[in-house]
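# Inside the fold
Residue-level listing of the chains:
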Amino acid sequence: MLPLAPRPGAAVKTLETLQEQERSGAGLSPVETDHAGALKAALARARTYDRMPASGKDKGPDDFTAWAASMPDFASPEAGHDLDARVAEAVRAARLDRPGQWSKYELPPEAWRLADTCGRIEAAIARLARRRASRDFTALVLAGDEEGWTLPEPPAVGTLGTGRVSATTRRAPSGEPVVLLDNGIFAFARMLAQLGVTAVHEHRETGRPGRATMELVSDLVAAQVVMGTCDGTYARLIPPPLAAAARVVQDSVVTFVVAHEYAHLLNGDLDAHPPAGPPGDGLREREFAADGKALRITLSAAETPGADDAPVLGPVLFLAGLDLLDRARAAYEDHADRSAGDPCPDPRERMTEMLATVRGSQLGAAYADSAATASRAYDLVLLAWDTVRPAVREAAGELARHTRAGTGPSYLPEGAHRVATATLWRHVEPRLG
Ligand SMILES: [Zn+2]
């Protein structure tokens, strides 16, 4: 875990107010956060999961467990000897034990993962900022002719039930930035990464997206569009080599989503997409600029220049996911795909602009193949959607009844998700050729 700079106290306070309102509105009690204990419990769950026979595994481990098990700091065999010391050191580095640094309402699974993501993003921004002084060749190539790498102040970052897969930034009354992510962001990124990796694999094997791709599109639509969040969903099991690739892509999806907000802060256009009210002028240009910068940050945060497709695939898949969800929401609610005069650039335009920054610069040498794979993945996601779309229309009435039933006193997110997922799949499956 990389060390994190102190957060502005007023921004953390604003975040806590928002989260407290949400918790009390949902009738939830205050939280006890034992970050070290929660991480060690996740590592124990990961070991138990690994020892289970394959026949007993009908779903993947929860997202925090999968993350903990992928962190060499804690999960490598050598880490076993001094695990307590390593975990304590990570708690200190990420300032998870300091009052006023993180919202006291942020639960450990999200706090750990946000600390990890923000630590790598802020380290990447610092590398890009001092690239000339340090003669860091990789950072020089990654930054290209892009300027503006000085972060005025680190934002407070936290999760809230926003229902939106994009992050939003708001300000504390005294002006400090607060970046908000939906509580389901990690699960959303996981499903999307599995979808992208599976679609590319099936296309390579058979020339078209197959059953596993359709299942993942159907799951994603049932969770995000019908239930309103991917929070509470479990991972589908996909073959181990694809699962390993998907974990890296998941990380780059989340990194890009958070880095896009950091890019707005770096570009000084914090209010590009306020949580409420109309966006300001020049929104399209500001979005393109933020995407380009966020991609450079994601490439630097991955620190494996050109080594694999994940740092390009993740950002492109995120935009494919936005495109898919726009279309799915329109089909579910039975209106036109996109309203004319929408001031936001559409996701495909954002992808084209973003990949142009790769192809039109020195990055092209290292990432041209990744960009080609990523834009193919985008097309495959939408090709799979063509098959799922009529099923969403057909099942819309039935699905709407389930979401209403889901808000009763016996509401269990996982159970409700399972019903929505199974219902939609029942309408998709007969359409597979
Ligand atoms: Zn933006």
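The model shown is predicted, which means the values in this text are computed figures rather than measured ones.

### Details of the packing of helix α6 (residues 108-129) against helix α11 (residues 240-267)
Between α6 and α11, the least distance of the axes is 10 Å, while the angle of their chain directions is 55°. Classified by the interaxial angle, the pair formed by α6 and α11 is oblique. As for the relative orientation of α6 and α11, their crossing is right-handed in sense. When α6 is examined against α11, the residues Thr-117, Cys-118, Arg-120, Ile-121 and Ile-125 are found in contact with a partner set consisting of Val-254, Thr-255, Val-258, Ala-259 and Tyr-262.

### Here we look at the environment of Gln-224
If you trace the backbone, Gln-224 turns up in helix α10 (residues 211-227). Given 27 C-beta atoms within 10 Å, Gln-224 falls into the buried group.

### Focus on the packing of helix α13 (residues 310-333) against helix α14 (residues 347-359)
Their axes nearest at 8 Å, the elements α13 and α14 cross at an angle of 165°. In terms of axis orientation, α13 runs roughly antiparallel to α14. Considering how the two elements wind past one another, α13 and α14 form a crossing that is left-handed. Across the interface between the two elements, Val-312, Pro-315, Val-316, Leu-319, Leu-322 and Asp-323 from α13 touch Pro-347, Arg-348, Arg-350, Met-351, Met-354 and Val-358 from α14. Class assignment for the residues of the contact of α13 with α14 results in 9 nonpolar, no polar and 3 charged.

### So, α6
With 22 residues, α6 should reach 32 Å at 1.5 Å per residue; the first-to-last C-alpha distance of 31 Å fits that figure. Burial analysis of α6 places 18 of its 22 residues in the buried class, the great majority of the element.

### Re the sheet that holds strand β3 (residues 177-182)
Strand order in the open sheet formed by 3 strands is β1-β3-β2, with mixed pairing between adjacent strands. One side of each edge strand has no neighbouring strand; the edge strands of this open sheet are β1 (156-160) and β2 (168-171). In this sheet, adjacent strand axes meet at a mean angle of 30° when their direction is disregarded. Sheet topology note: the β2/β3 ladder contains 4 bridges and is antiparallel. When the bridges of β3 are listed, Arg-171 appears paired with Pro-177. Sitting on the sheet, helix α1 (residues 9-25) is in contact with β1 and β3, with an inclination near 5° to β1. Those strands touched by α11 are β1, β2 and β3, and its axis lies near 160° from that of β3.

Analysis parameters
Residues numbered from 1 in each chain as written. Predicted model: local features only at pLDDT ≥ 70, side-chain atom pairs only at ≥ 80, totals over all residues. Axes fitted to C-alpha atoms, helices over the stretch in contact; angles between N-to-C directions. Helix = DSSP H or I, 4+ residues; strand = E, 2+ residues; numbered from the N terminus. Parallel < 35°, antiparallel > 145°, perpendicular 65-115°, else oblique. Left-handed = near helix turned anticlockwise from the far one by under 90°. Contact = placed C-beta atoms within 7 Å. Buried ≥ 20, exposed ≤ 12 C-beta atoms within 10 Å, placed from the backbone. Nonpolar A, V, L, I, M, F, W, Y, C, P; charged D, E, K, R; others polar. Expected span 1.5 Å × (residues − 1). Pairing = 2+ DSSP bridges.

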